[in-house]
Amino acid sequence: MPKTIQEQLDEVERDIKRYTDFDVAEKARFDRECYLWTAEDRIDWQETQLSNAQYLSELNDKRVALLKELKR
């Protein structure tokens with residue numbers, strides 16, 4: 001059964017909140033622990049941050065598209 005536009009929007013907004021909260025927690029962890037990390041650990045962390053940022057950008061684009069569709 002297909003989801004309504006509002007249900008899709010709610011799901012996207014939950015995902016945005018989840019990923020934003022994760023990002024804040026990860027940056028706090030980096031501030032606390034980065035001096036203990038190897039160069040490889042830092043590179044892995046940066047790659048994860050980049051991946052999360054790209055996904056958040058996609059979610060925001062999807063959110064904008066759903067909001068436009070909802071306003072029709």
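Below is a short write-up of the structure.

About the cut-offs
Residues numbered from 1 in each chain as written. Predicted model: local features only at pLDDT ≥ 70, side-chain atom pairs only at ≥ 80, totals over all residues. Heavy atoms only, no water. Phe/Tyr/Trp six-rings, centres within 6.5 Å; stacked < 30°, edge-to-face > 60°. Buried < 20%, exposed > 50% of the residue type's maximum accessible area, 1.4 Å probe, protein only. Helix = DSSP H or I, 4+ residues; strand = E, 2+ residues; numbered from the N terminus. Core = buried A, V, L, I, M, F, W, Y, C linked by side-chain atoms within 4.5 Å. Contact = heavy atoms within 4.5 Å. Expected span 1.5 Å × (residues − 1). Salt bridge = Lys/Arg side-chain N within 4 Å of Asp/Glu carboxyl O.

Before going further, it helps to examine the packing of aromatic side chains. Counted according to the given criterion, the structure contains 4 aromatic pairs. Arranged with centres 5.3 Å apart and planes meeting at 70 degrees, the rings of Phe30 and Trp37 form a pair that is edge-to-face. With a relative accessible area of 14%, Trp37 lands in the buried category. Judged by centre distance (4.3 Å) and plane angle (20 degrees), the rings of Phe30 and Trp45 are stacked. One end of the pair, Phe30, is in helix α1 (residues 5-33); the other, Trp45, is in helix α2 (residues 39-71), with 15 residues separating them in the sequence.

Moving on: the nonpolar core. Counting 6 residues, the largest nonpolar core consists of Leu9, Val12, Ile16, Leu56, Leu59 and Leu66. Elements supplying a minimum of two residues to this core: α1 and α2. Once you skip the residues sitting within four places of it in the chain, Leu66 turns out to touch Ile5, Gln8, Leu9 and Val12.

Here Thr48 is to be found in helix α2. Exposure remark for Thr48: the relative accessible area of 36% places this residue in the partly exposed category.

This brings us to α1. With 29 residues, α1 extends 42 Å from end C-alpha to end C-alpha; this agrees with the ideal 42 Å at 1.5 Å per step. Listing the buried residues of α1 in full gives Leu9, Val12, Asp15, Ile16, Asp23 and Glu26.

Another point: the pattern of salt bridges. Tallied over the full model, the rule gives 7 salt bridges. For Asp15, the salt bridge goes to Arg18, with nearest N and O atoms at 2.6 Å. In this pair, Asp15 and Arg18 are both assigned in helix α1, 3 residues apart and thus about one turn of the helix distant. Since its relative accessible area comes to 15%, Asp15 is described here as buried. Several salt bridges converge on common partners, so that one network encompasses Glu26, Arg29 and Glu33.

All right, on to the environment of Ser57 then. With respect to the secondary-structure elements, Ser57 resides in helix α2. Distance from Ser57 to Phe22, taken between C-alpha atoms, is 15 Å for residues 35 residues apart in sequence.

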